Amino acid sequence: MKRIVILGAAESGAGAAVLAKLKGFDVFVSDMSEIKANYKKQLDEYDIPWEECHHTLDLILNADEVIKSPGIPDKAPVIQKLKAQNTPIISEIEFAGRYTDAKMICITGSNGKTTTTSLIYHILKNAGYNVGLAGNIGSSLALQVATKQFDYYVIELSSFQLDNMYEFKADIAILMNITPDHLDRYDFKMQNYVDAKMRITQNQTEDDAFVFWNDDPIVREELKKYNLKARLFPFSEFKGNAAIAYAEKGQYVIECPTPFNMEQDALALRGKHNLYNSLAAGITAHLAGISDEALRKGLSSFAGVEHRLEKAGTVRGVEFINDSKATNVNACWYALESMTRPTVLILGGKDKGNDYTEIYDLVREKCIGLVFLGVDNRKLHENFDSFGLPIADVQSMKDCVDECYKMAKPGCTVLLSPCCASFDLFKNMEDRGEQFKNCVKNL
């Protein structure tokens, strides 16, 4: 019996373990951290052996294949040992893809992928499609393949997941953009990160589609290196430059695969970045056979994504915006670009090799104060002290919101768009956003 070891027992790992067990493999799960109670229960229900808070190498190195959580870096000692003996290491998505014939709609990009993924799922689900949501959001793809039967999956893919995908193929691949992010995982080499994102196109055939933002300079340059077989569907903010979807004279326009247009003001999502998300989603929905009526309804009824430019409340004339999902500089750029009121900006967290020069002009133009929320804010001070803005250093969300409220005046906005990962002070990005919203409620 082939032995499969799963490293990491969160959503993807636990789901992969269930699928592997049901497919008849000898399965073992190991996690260096404590496994959450709900995942322990899930593993126990399927009689899957597991360990937590350590790795027993004798039970791991005898694997025929390893499924690795995307959060585990290749530099981890156990991964290095597995690589040294040439044990195949794959992702949960790669494994799950072997056991389903469902159409795969896969979305990646440095920014916008969660909103675009959620919008595509919303459009297809509301149109009556039998569709699952998986990857970085939704439930484990492997668990859904094991226990459900969907015709389509809409999957958000991070660069970490793409790193360990080899035979998997997207029927429709969407690349929103490529800007610096996670460089600490890629030896601080941008090309390594770019190569990971471009893996979204691997194995595509003439029957498949590649949807991409045609205004992204990195994507344009990378496409010159690839001889893609998939049909290409570039979108842009403006008509021209080979784009088949764009905005023109207040109209949202798709030229192909079938013509479609609607009033731009009727889109549920506002702002330049959300126009890109809506264009990518509209092209994809048409490729999946969605009717014009269903597409128009879906694009106009979407409620948005939590922690992405989410309104957290207004207190005595001061508006609070939760953009905790902005874990890189480019995401913060789009958030600042959409601000129409004087802004107090919250920055900070675990730096991933950020280059803050991208937001210098917008900080000067839009911001009346900065609050640095992090354990180590030295890099932020080096970049922004010379701007002459009021600055406060804090290490808790309560102190952060209190300092922002002191700086802001009625008619101002407080924007949490931190450019950084959350792991220095918070469990994750969601925890950071929830704490922000709760502190605003308690003002």
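For the structure, see preceding data.
This report concerns the structure included in the present document. As the structure is a computational prediction, the values presented were derived from the model and not from experiment.

The strand order E15-E16-E20-E17-E18-E19 describes an open sheet built from six strands, whose pairing is mixed. The open sheet has two free edges, formed respectively by strand E15 (310-315) and strand E19 (391-394), since each of these has just one partner strand. Strand after strand, the sheet turns through a mean of 20 degrees between neighbouring axes, direction not considered. Docked against the sheet, helix H13 (residues 329-337) engages strand E17 (343-347), strand E18 (367-373) and strand E20 (413-416), running at close to 165 degrees with respect to E17.

This brings us to the pattern of salt bridges. Inspection of the entire model under this criterion finds 19 salt bridges. The closest approach of N and O atoms between Asp208 and Lys169, which form a salt bridge, is 3.0 Å. In this pair, Asp208 is assigned in the loop between helix H9 (190-198) and strand E10 (209-213) and Lys169 in the loop between helix H8 (159-163) and strand E9 (172-175), connecting sequence segments 39 residues apart. Lys169 sits in the partly exposed class, given a relative accessible area of 27%. The structure contains a network of salt bridges with shared partners spanning Glu306, Glu310, Glu434 and Lys437.

To summarise the sheet geometry, strands pair through backbone hydrogen bonds and adopt either a parallel or an antiparallel arrangement. In space, the five strands of this open sheet follow the order E3-E2-E1-E4-E5, with parallel pairing throughout. The open sheet has two free edges, formed respectively by strand E3 (50-52) and strand E5 (89-90), since each of these has just one partner strand. Sheet topology places strand E2 (residues 26-31) next to E3; three bridges connect them, and they run parallel. If you follow Asp31 over to E3, its bridge partner there is Glu52.

Further remarks concern the packing of aromatic side chains. Counted according to the given criterion, the structure contains 17 aromatic pairs. On the basis of an interplanar angle of 85 degrees and a centroid distance of 6.1 Å, the ring pair of Tyr252 and Phe260 is categorised as edge-to-face. Under the relative-accessibility criterion, Tyr252 is labelled buried at 0%. Both rings, one in Phe372 and one in Phe384, keep their centres 6.5 Å apart while their planes meet at 50 degrees; by these two values the pair is tilted. Placement of the pair is Phe372 in strand E18 and Phe384 in helix H15 (residues 378-384), with a sequence separation of 12 residues. Ring-pair connections join several aromatic residues into one group, and the members of that group are Tyr356, Tyr360, Phe372, Phe384 and Phe387.

Residues of E20 alternate between two faces, with Thr413 and Leu415 on one and Val414 and Leu416 on the opposite face, all of them buried. As paired strands, strand E16 (residues 318-322) and E20 are joined by four bridges and run parallel to one another. Bridging across to E20, Asn322 finds its partner in Leu416. Strand direction decides the pairing type here: E17 and E20, joined by four bridges, are parallel. The partner of Thr343 across the bridge, within E20, is Thr413.

What counts as what
Residues numbered from 1 in each chain as written. Predicted model: local features only at pLDDT ≥ 70, side-chain atom pairs only at ≥ 80, totals over all residues. Heavy atoms only, no water. Pairing = 2+ DSSP bridges. Helix = DSSP H or I, 4+ residues; strand = E, 2+ residues; numbered from the N terminus. Axes fitted to C-alpha atoms, helices over the stretch in contact; angles between N-to-C directions. Contact = heavy atoms within 4.5 Å. Salt bridge = Lys/Arg side-chain N within 4 Å of Asp/Glu carboxyl O. Buried < 20%, exposed > 50% of the residue type's maximum accessible area, 1.4 Å probe, protein only. Phe/Tyr/Trp six-rings, centres within 6.5 Å; stacked < 30°, edge-to-face > 60°.

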